[in-house]
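Understanding the architecture of this molecule
Next come the chains, spelled out residue by residue.
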Amino acid sequence: MIDPETYDEETDGTLLTVSAEIFSVEPEGFEIHVTNDEKDEKKIFTTVREYAEYLVESVNTSRKDNFIAPWLPSPHARRYDIDLIGMQLSMMQEWMEKELGEV
């Protein structure tokens, strides 16, 4: 994955961008609104797992050489939901790294 902070514009056109924004839903819950720039596709997910699976699928089916998955500012999200999603993504990343290490 490319770090958006160090992205070199010379590679523009070879970069898949799958951006996400969090929206809190009343009374409890959240939605992750995702945009895939290659497919010009918008999706809404209600779990971190669905989001992660879509991200992996997008990367695996992309014709582009690199990808970034930036989180957009989420002014419509509760701090609790942002923290929960961050924790769940961290746990998924740790699990994936462990699984890949055992292969």
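Note that this is a predicted model, so its numbers are computed, not measured.

**Focus on the packing of aromatic side chains**
All told, the structure shown has 2 aromatic pairs when counted by the stated rule. With a centroid separation of 5.4 Å and an interplanar angle of 40 degrees, the aromatic rings of F45 and Y54 are classed as tilted. Note on F45: relative accessible area 11%, which makes it buried. Seen in terms of ring centroids, Y51 and W71 are 5.1 Å apart; in terms of plane orientation they differ by 50 degrees. Their pairing is tilted. Placement of Y51 in helix 1 (residues 48–61) and of W71 in the loop between strand 4 (66–68) and helix 2 (79–102) is noted, with a sequence separation of 20 residues between them.

**A word on the pattern of salt bridges**
Summed over the entire model, instances satisfying the criterion amount to 5 salt bridges. Across the pair R78 and E26 runs a salt bridge, and its minimum N-O distance is 3.1 Å. Remark: E26 occurs in the loop between strand 1 (15–24) and strand 2 (30–36) and R78 occurs in the loop between strand 4 and helix 2; sequence separation between them is 52 residues. Judged by relative accessible area, which is 25%, R78 ranks as partly exposed. A salt bridge links R63 to E38, with the nearest nitrogen and oxygen atoms 3.7 Å apart.

**Some details on a nonpolar patch on the surface**
On the surface, a nonpolar cluster with roughly 310 Å² of combined accessible area is contributed by V56, W95 and M96. Of note, V56 is situated in helix 1.

**A word on helix 1**
In a regular helix each residue adds 1.5 Å, so 14 residues correspond to 20 Å; helix 1 covers 20 Å between its end C-alpha atoms and thus fits that length. Those residues of helix 1 that sit buried are V48, Y51, A52, Y54, L55 and S58. Within helix 1, the buried residues cover an arc of 160 degrees as seen down the axis, which keeps them to one side. Among the exposed residues of helix 1, those oriented more than 90 degrees off its buried face are R49 and N60.

**Some thoughts on the sheet that holds strand 2**
Spatially, 4 strands are ordered 3-2-1-4 in an open sheet, and the strand pairing comes out mixed. A strand with exactly one partner marks an edge of an open sheet, and here the two such strands are strand 3 (41–45) and strand 4. On average, each strand axis in the sheet is tilted by 20 degrees relative to the strand beside it, whichever way the strands run. One ladder, built from 7 bridges, connects strand 1 with strand 2; its direction is antiparallel. Each residue of the ladder has a partner; that of A20, found in strand 2, is V34.

About the cut-offs
Residues numbered from 1 in each chain as written. Predicted model: local features only at pLDDT ≥ 70, side-chain atom pairs only at ≥ 80, totals over all residues. Heavy atoms only, no water. Phe/Tyr/Trp six-rings, centres within 6.5 Å; stacked < 30°, edge-to-face > 60°. Buried < 20%, exposed > 50% of the residue type's maximum accessible area, 1.4 Å probe, protein only. Helix = DSSP H or I, 4+ residues; strand = E, 2+ residues; numbered from the N terminus. Salt bridge = Lys/Arg side-chain N within 4 Å of Asp/Glu carboxyl O. Patch = residues over 30% accessible without salt bridge, like charges linked within 9 Å, V, L, I, M, F, W, Y side chains within 5 Å. Areas by Shrake-Rupley, 256 points an atom, 1.4 Å probe, with all protein chains shown as cover. Expected span 1.5 Å × (residues − 1). Arc of directions from axis to C-beta. Pairing = 2+ DSSP bridges. Axes fitted to C-alpha atoms, helices over the stretch in contact; angles between N-to-C directions.

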